[in-house]
Amino acid sequence: MAAAQPRLAALGGKRSRAAEGGAMEAAGGEERFMYTQRLKAAVHYTVGCLCQEVAEDKDVQFSKQTIAAISEITFRQCEIFAKDLEVFARHAKRSTVNTEDVKLLARRSSCLLKYITKKSEELALSNMEQKEKKKKKSSAVKEGRTSGEHEAAVTESEDYNMA
């Protein structure tokens, strides 16, 4: 590190753009690595909790190695799912993953596909209901303004007629 200081001083204390870009890329890679590690830890914790629930229900024990293996497989499968979803969206010339992509991903598991389809329909129905409520509220506000404007106009014309 000490050797790098004199060289920087000889160059006027400036780094080249390539060196800065490399440093930024390294920092980005390190940040991504840390983020991935946090996700892995969260998956491991969740798998541990689920294994603990199953162990209590079924009166079985899970070793730490088994929990670690399930966690690793789960994380890798999620990575594969994420890549597949991105590819499905890109194939449809979209940049956003939607429910149709998720259904396509779940097509091999009929039970999961049924569940996702049911939840998707429930969400769509809920969204439609919310839009209708919003629309009614918006139209009621507009009608309130128009009737208020109408009343003001009538009062104004009455005042004019009386004068």
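What you see is a predicted model; the values in this text were computed from it and never measured.

(A) Up close: the overall build of the protein chain. For the protein chain, the helix and strand inventory stands at five helices and zero strands. When the helices and strands of the protein chain are read in sequence order from the N terminus, they spell out α-α-α-α-α. Here the protein chain holds 163 residues, and 9% of them are scored as buried. If you take every contact in the protein chain between residues at least 6 apart in sequence, the share linking residues at least 24 apart comes to 24%. Accessible surface, the protein chain: about 14,400 Å² in total, of which carbon and sulfur atoms supply 58%.

(B) Inspection of the environment of Val-97 at higher detail. Topologically, Val-97 is positioned in the loop between helix H3 (64-91) and helix H4 (99-105). Spatially, the C-alpha atoms of Val-97 and Glu-86 are 6.6 Å apart, while their sequence positions differ by eleven residues. What Val-97 contacts, discounting residues up to four positions off in sequence, is Leu-85, Glu-86, Ala-89 and Val-102.

(C) Inspection of the layout of surface pockets at higher detail. Within this model, the largest pocket holds a volume of roughly 270 Å³. In terms of lining, the largest pocket is formed by Arg-32, Tyr-35, Thr-36, Leu-39, Val-43, Phe-75, Cys-78, Glu-79, Ala-82 and Lys-83. Of the residues contributing to the lining of the largest pocket, the split by class is six nonpolar, one polar and three charged. Estimated volume of the second largest pocket: approximately 190 Å³. Considering every element that reaches the lining of the second largest pocket, the biggest residue donor is H3, with five residues. Considering only residue class, the lining of the second largest pocket consists of eight nonpolar, two polar and three charged.

(D) Highlighting the side chain of Asp-101. Its place among the elements puts Asp-101 in helix H4. With sequence-adjacent residues up to four places away left out, Asp-101 is seen in contact with Leu-85, Phe-88, Ala-89, Arg-94 and Thr-96.

(E) Structural view of the state of the cysteines. What the rule picks out here adds up to zero disulfides. With no disulfide of its own, Cys-51 has Cys-49 as its nearest cysteine by sulfur position, at a separation of 9.5 Å. Exposure remark for Cys-51: the relative accessible area of 8% places this residue in the buried category.

(F) The arrangement of the pattern of salt bridges in detail. Per the counting criterion, the structure on display carries four salt bridges. Residue Glu-72 pairs with Arg-76 through a salt bridge whose shortest N-O separation is 3.0 Å. A residue pair is termed a helical-turn pair when its members lie 3 or 4 positions apart in one helix, as Glu-72 and Arg-76 do in helix H3 at four residues. With its nearest N and O atoms 3.4 Å apart, the salt bridge here joins Lys-119 to Glu-122.

(G) Quick look at the environment of Thr-46. Tracing the backbone shows Thr-46 in helix H2 (residues 17-58). Between the alpha carbons of Thr-46 and Ile-67 there is a distance of 10.0 Å; along the sequence they are 21 residues apart.

(H) Summary view of H3. Over its 28 residues, H3 extends 41 Å from the first C-alpha to the last, a length consistent with the 40 Å expected when each residue adds 1.5 Å. The set of residues buried in H3 consists of Ile-67, Ser-71, Phe-75, Leu-85, Phe-88 and Ala-89. Where H3 terminates, the next one or two residues include Lys-93, which has phi positive at roughly 60°.

Cut-offs and rules
- Residues numbered from 1 in each chain as written.
- Predicted model: local features only at pLDDT ≥ 70, side-chain atom pairs only at ≥ 80, totals over all residues.
- Heavy atoms only, no water.
- Helix = DSSP H or I, 4+ residues; strand = E, 2+ residues; numbered from the N terminus.
- Buried < 20%, exposed > 50% of the residue type's maximum accessible area, 1.4 Å probe, protein only.
- Contact = heavy atoms within 4.5 Å.
- Areas by Shrake-Rupley, 256 points an atom, 1.4 Å probe, with all protein chains shown as cover.
- 1 Å grid on protein atoms, 1.4 Å probe; cavity = no way out; pocket = protein on both sides within 12 Å on 5 of 7 lines; lining within 4 Å.
- Points joined across faces, edges and corners; volume = space filled by probe spheres on them.
- Nonpolar A, V, L, I, M, F, W, Y, C, P; charged D, E, K, R; others polar.
- Disulfide = S-S within 2.5 Å.
- Salt bridge = Lys/Arg side-chain N within 4 Å of Asp/Glu carboxyl O.
- Expected span 1.5 Å × (residues − 1).

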